[in-house]
Amino acid sequence: MLVIVVENVPHRLRGRLAVWLIEIRAGVYVGDLSAKVREMIWAQIVDGIEDGNAIMTWSTNTESGFDFVTLGENRRLPVEFDGLKLVSFYPVEDPKDKKAL
């Protein structure tokens, strides 16, 4: 199983993803493809992401049963902890904390 979620990406990239996967909700694509096709799709996302962000997750033989990669600006940051891939969060920026120049 392969799941890709994209936000704020160009329409041409969304159309390209729809060629290989089913869009079950706006920006959410699912399918069951080989590792080679998965890597090709990720390369197309990298090339066409522009200012958007994306995450791709797939079933694999790991302790958690899946793996994932992310791309683009997002508050979530993948981190490895004792062989498990977890998600950490950047702190929320408070506009009041910014000093005027």
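Preceding block: the structure.
Procedures and definitions
Here the residue numbering is sequential within each chain, running from 1 through the sequence in written order. Totals for whole chains, interfaces and linings use every residue, but because this is a predicted model, local features are given only for residues with pLDDT of at least 70 and side-chain atom pairs only at 80 or more, for both listing and counting. Calculation of side-chain values draws on the structure's entire complement of heavy atoms; hydrogens and water are dropped beforehand. Secondary structure is summarised from DSSP: a helix means a run of H or I of at least four residues, a strand means a run of E of at least two, and numbering begins at the N terminus for each. Between buried and exposed lies partly exposed: a residue is buried under 20% and exposed over 50% of the maximum accessible area for its type, with that area taken using a 1.4 Å probe on protein chains only. For this analysis, a nonpolar core means a set of buried residues of the types Ala, Val, Leu, Ile, Met, Phe, Trp, Tyr and Cys, connected via side-chain atoms within 4.5 Å. In this analysis, two residues are considered to be in contact whenever any of their non-hydrogen atoms come within 4.5 Å of each other. Strands are treated as partners if at least two bridges between them are detected by DSSP. Axis geometry follows a simple rule: fit a line to the C-alpha atoms, using only the stretch in contact for helices, then measure angles between N-to-C directions, giving values from 0 to 180 degrees.

**Student:** Help me out: how do you make sense of unusual backbone geometry in this one?
**Tutor:** Excluding glycine, residues mostly carry a negative phi; peptide bonds, for their part, are mostly trans. Located in the positive-phi region is asparagine 8, a residue other than glycine, with phi close to 55°. Mapped onto the fold, asparagine 8 is located in the loop between strand S1 (2–7) and helix H1 (11–20). Residue asparagine 8 is classed as exposed on the basis of its relative accessible area of 62%. With a phi angle near 50°, glutamate 50 is a residue other than glycine that sits in the positive phi range. Examined against the element boundaries, glutamate 50 turns out to sit in the loop between helix H2 (35–48) and strand S4 (53–59). Glutamate 50 sits in the exposed class, given a relative accessible area of 53%.

**Student:** Help me understand the nonpolar core in this model?
**Tutor:** Ranked by internal contacts, the top residues of the largest apolar core, which has 16 residues, are Ile4, Val6, Leu17, Ile41 and Ile45. When contributions to this core are tallied by element, the ones reaching two or more residues are S1, H1, H2 and S4. It is H2 that contributes the most residues to this core, four residues altogether. When neighbours within four sequence positions are excluded, valine 6 is seen to be in contact with Arg14, Leu17, Gly27, Tyr29, Asn53 and Ala54.

**Student:** How do you make sense of the sheet that holds strand S2 (residues 22–25) when you look at a structure like this?
**Tutor:** By definition, the strands of a sheet pair up through backbone hydrogen bonds, in either a parallel or an antiparallel sense. Taken together, five strands build an open sheet; the order of strands is S2-S3-S1-S4-S5 and the sheet is antiparallel. Each end of this open sheet is capped by a strand with a single partner; those strands are S2 and strand S5 (66–71). Going across the sheet, the axis of each strand differs from the next one's by a mean of 20°, ignoring polarity. Here S1 pairs with strand S3 (residues 28–31) via four bridges, running antiparallel. Paired with isoleucine 4 across the strands is tyrosine 29, a residue of S3. In this fold H2 packs onto S1, S4 and S5, with an angle of close to 170° to the strand it touches most, S4.

Without other data, these values stay purely geometric and don't point to any function.
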